[in-house]
Amino acid sequence: MEAEKKQFVVFRLGDEEYGTDIIKVTVIERMLNIARVPTTPAYIRGVINLRGDIIPVMDLRTRLGLPEKAEDDDTRIIIFDINKIVFGTIVDSVSEVLQLEESKIESAVGIINDSSLDYINGVAKAESKLVTLINLERLISELVPELS
Amino acid sequence: MVSIKQIPEAILPDGGAEIMDMSQYLDIFVEESREHLQSLNTSLLELEKDPNNASVIHEIFRVAHTLKGMAGTMAFTHMTTLTHDMEDVLDELRNNRINVSPEVVDVLFQCLDALEGYVSVIVSTGQEGNEDNADVIAALSRLMNKDKPAPQTQKEAKSYFAGGKASSNGLRLKLNIYDKNVIEKALEESMNVLQIYVELDKKCLLKAARAFIIFQILDKNSEIIKSDPSVEDIEDEKFDYSFTVLAITKHDDAFFKKELNSVAEVRNVETVQITTRHTENIREGKNEEEMHDSGRQAGAANSSSVTGTASKSPNVKRLTNKTVRVDIDRLDVLMNLVSELIITKTRLEDVGSGGKTNDYNQAVENLERITTSLHDAVMKVRMVPVETVFSRFPRMVRDISKELKKDMVLHMSGEETELDRTVIDEIGDPLIHIIRNSADHGLEKPEDRKAKGKDKTGNIWLRAYQDGNNVVIEVEDDGQGIDIEKVRKKIIERGLETEEAAAVLSENETVEYLFRPNFSTADKVTDLSGRGVGLDVVKTKIEALGGNIELDTVWGKGSKTVIRLPLTLAIIQALLVMVGDEKYAIPLSNIREIGDINPSDIQLVRNKEVMMLRGMVIPLIRLENVLGVPARETPENKKQLTCVIVRKGDRLSGLVVDKLIGQQEIVIKSLGKLLVGIRSIAGATILGDGNVALIIDVNSII
């Protein structure tokens, strides 16, 4: 019997690789002009115009407590849709789509000790690298509490 | 979601019984029922005011009859029984055998409530549920049994009229002068008048159902002006095995013979062509045995009695509808397309501003004109008069008045004012809450009002009107108003402010606290209100619609709640401005005027910047501060500041911006579900260059 496999979109922030469930990913875009929105949390950079729709965009580095980085040609915005709530996150680059078996995913407790543990579902071993799996609902839980 | 509705033993013309899937008709049933129930509501209220109004009684009868037919078709047996009993009572009413008393009206209102209950259950489950409303049925039959001695037995004796032998000229029905008039008119217009006698098989089990099918066929092809026994009796199966009808039709008798004989369990069909020969002997006063309900005054000297005896098929056709029901999703698609069109038009304007030619200008002007008209047209389609929401309030106030034992009357105005459909759907509950508050907490008991020198009947005013780009809805009462001091005490009690801070709150500021969650100064929690969960929900709902709410009150005199709602939801005229390096849009409807001011004209009052405008003191708001705009890299030392004077209701404020860009039509786009509730920003718009500009929510900034 084949083990349960799930697909993840893998992206980079700095030297580390992160992943999210592909089901919630709508599209991956290059960097766009972001309009700042006042009185939003610091990790919300603002909103973009995505083919006529206004989509809020989050700076994932800020959200996870990582230092800021200037954007370059590899920077991407991943657009997610969780229960009709649409938003984007800025990442340094997008690497690949990985198939991972459930059994290869371990809990992150013990590995990660800081507050970012809140947003992490687990750590996966794929070939020779480790991918930290992100809990998307937790990312936006401050703004949309009913999700988590 | 909806289970398949089955009609057991639905009898088809070929005699076979089939299970029919009625679920596809549920939507239509619900929509039409709601309309009928609405009309019933209005009619009952009128009847209460004017108990002798015959035409209202007829209207109510008609609606009950239609509902009965609809319910019967959908096999909603409880509803059918209830409407059938209603019909009986209404029939007695319209024939003046029962008087319209307050008790009668109350029972009819109970019926209306029961029917609305059924429709609710049908909406959520697809079935009518198990509630049989036995108490209402009992109340109806009590009304029927009062002063109804002799006619009852007469009716019974008559209803088993076997249709017997035909008289020598073939007539089975006794015709009177009214029938003669109708017949002769029909003959003048070259229509056929047929007497059709139908005999069913003696083995027929469901006579009423068979008769229903036959009546359907007759109704489709003719107008039935007389029936023996009466249609109601036939529906009640109060006939032996045959009945006779008089029908006006374009078809000939052979047609009906063929159609009716093809219905299963029909044993015999006889037709007689009625001509003036049959009617010539009918005189005024003679042969006036009407076949229905003898003992009723035949004195109604107009054709109303003829129409009274004319059978009405269960599905009365409505007068031609000049409206079309449109799926709201399709409207949304239209709206989106119009929005895109406007954005593209704006783009064109930007592009062409290089080398303008006459043709180009004309073309763009045309485009402008067309898009504006198109936009208006589509917006109008979505607009619905507030009457649809207001209409249930008179009834509600009437019920509350009885429940609280306070005399009160509701005055409504401006029901024709229109609002967007989505707003209409949401505004009902908040309004109910506010009106209930007025009735419950505002208006005093009659004795108390008299003691204060007020009229013992309390008044509640519900007004709607347009004000600029907004629709304003006001609820005002002449009750006791709000005790500001009590509210102040509660604020201190709840620890929301210190005693000193609470003491300096203005009246308006104090009243604002009522909109906070769990804040209520009511001493008792009544069924209606007092739990403190209402006003904050009301405020949230209204703000979610892009509107705002204010409460004014005078202790002893009354209170007034004012709700402002935006008129158009999507496309507005706006002024584009620069604040720092960022572009913002200010809705034109908020703008009073624009001007430049010298920094030296700015003065400080209580540490806040103000300016003088033609003798008025206007507070200044620096947008760069409110919006947290990052400082420019090369700050300019400006000789003059650009100031946009905006207004919110009566209040004016000056917004200081860095530069004016220009006036533009913009499409309002929501910021999305993630960024809901951002104060000071009403939404975003996409400019011609594809960039996003935020729209300033003037109301929350002032």
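Everything quoted here is computed from the prediction, not taken from an experiment. (Residues numbered from 1 in each chain as written. Chains lettered and ligands numbered in written order. Predicted model: local features only at pLDDT ≥ 70, side-chain atom pairs only at ≥ 80, totals over all residues.)

Undergrad: Describe in detail the overall build of chain A, supporting the description with residues and values.
TA: The number of helices and strands found in chain A is two helices and 11 strands. Tracing chain A from N to C terminus, the helices and strands come up as β-β-β-β-β-α-β-β-β-β-β-β-α. Long-range pairs, those at least 24 residues apart, make up 52% of the contacts in chain A between residues at least 6 apart in sequence. (Helix = DSSP H or I, 4+ residues; strand = E, 2+ residues; numbered from the N terminus. Contact = placed C-beta atoms within 7 Å.)

Undergrad: With reference to specific residues and values, describe the sheet that holds strand β16 (residues 591-597) of chain B.
TA: All names here are of chain B. Strand order across the open sheet formed by six strands is β16-β20-β21-β19-β18-β17, with mixed pairing between neighbours. In this open sheet, the two strands that pair with only one neighbour each are β16 and β17 (603-605). Looking at each pair of strands side by side, their axes are set apart by 40 degrees on average, direction ignored. As paired strands, strand β18 (residues 608-613) and strand β19 (residues 616-622) are joined by four bridges and run antiparallel to one another. Its bridge partner lying in β19, Met612 is registered against Val617. (Pairing = 2+ DSSP bridges. Axes fitted to C-alpha atoms, helices over the stretch in contact; angles between N-to-C directions.)

Undergrad: Outline the nonpolar core, listing residues and values.
TA: By size, the foremost hydrophobic cluster in this structure holds 68 residues, and its most contacted members are Val47 and Val57 of chain A together with Ile586 and Ile695 of chain B. Counting contributing residues per domain, this core is built from domain 3 (328-384) and domain 5 (571-701) of chain B, each supplying no fewer than three. Once you skip the residues sitting within four places of it in the chain, Ile695 of chain B turns out to touch Ala574, Ala585, Pro587, Ile668, Ile681, Ala682, Gly683, Ala684 and Thr685 of chain B. One finds Ile400, Val471, Leu565 and Leu567 of chain B within the second-largest nonpolar core, a separate group that totals 33 residues. (Core = buried A, V, L, I, M, F, W, Y, C linked by C-beta atoms within 7 Å. Buried ≥ 20, exposed ≤ 12 C-beta atoms within 10 Å, placed from the backbone. Domains from an automatic or database assignment.)

Undergrad: With reference to specific residues and values, describe the packing of helix α16 (residues 393-404) of chain B against helix α17 (residues 421-442) of chain B.
TA: Residues and elements named next belong to chain B. At a closest axis distance of 11 Å, the pairing of α16 and α17 adopts a crossing angle of 30 degrees. Between α16 and α17 lies a crossing whose hand is right-handed. Between α16 and α17, the residues in contact are Phe393, Met396, Val397, Ile400 and Leu404 and Ile432, Ile435, Arg436, Ala439 and Asp440, respectively. Of the residues assigned to the contact of α16 with α17, the class counts are eight nonpolar, no polar and two charged. (Left-handed = near helix turned anticlockwise from the far one by under 90°. Nonpolar A, V, L, I, M, F, W, Y, C, P; charged D, E, K, R; others polar.)

Undergrad: Outline the packing of helix α1 (residues 26-49) of chain B against helix α2 (residues 54-73) of chain B, listing residues and values.
TA: Residues and elements named next belong to chain B. Where α1 contacts α2, the two axes come as close as 10 Å, and the packing angle between them is 155 degrees. Between α1 and α2, the interaxial angle falls into the category roughly antiparallel. Crossing hand, α1 versus α2: left-handed. Along the contact surface, α1 presents Phe29, Glu32, Ser33, His36, Ser39, Leu40, Ser43, Leu44, Glu46 and Leu47, while α2 presents Val56, Ile57, Glu59, Ile60, Val63, Thr66, Leu67 and Met70. By residue class, the composition of the contact of α1 with α2 is 10 nonpolar, five polar and three charged. (Parallel < 35°, antiparallel > 145°, perpendicular 65-115°, else oblique.)

Undergrad: Let's hear about the sheet that holds strand β5 (residues 53-59) of chain A: which residues, and what values?
TA: Sheets are built from strands paired through backbone hydrogen bonds, the pairs being either parallel or antiparallel. Residue and element names in this part refer to chain A. Spatial strand order, β3-β6-β7-β5-β4: five strands in an open sheet with mixed pairing. At either margin of the open sheet sits one strand with a lone partner, and together these are β3 (25-30) and β4 (44-50). Across the sheet, the axes of successive neighbouring strands diverge by a mean angle of 30 degrees, strand direction being ignored.

Undergrad: Kindly report on the environment of Gly428 of chain B, identifying the contributing residues and their values.
TA: Residues and elements named next belong to chain B. Looking at the secondary structure, you find Gly428 in helix α17. On the basis of neighbour counts, which here come to 15 C-beta atoms within 10 Å, the residue Gly428 falls in the partly exposed class. Counting along the chain gives 40 residues from Gly428 to Thr388, while the straight-line C-alpha distance between them is 9.4 Å.

Undergrad: I'd like a description of the pairing of strand β6 (residues 76-82) of chain A, backed by residues and values.
TA: All names here are of chain A. Of all seven residues making up β6, five are buried, and the element is well covered by its neighbours. Here β3 pairs with β6 via five bridges, running antiparallel. The residue of β6 that forms the bridge with Val25 is Phe80. As defined by bridge partners, β6 adjoins strand β7 (residues 85-91) across seven bridges and the pair is classed as antiparallel.

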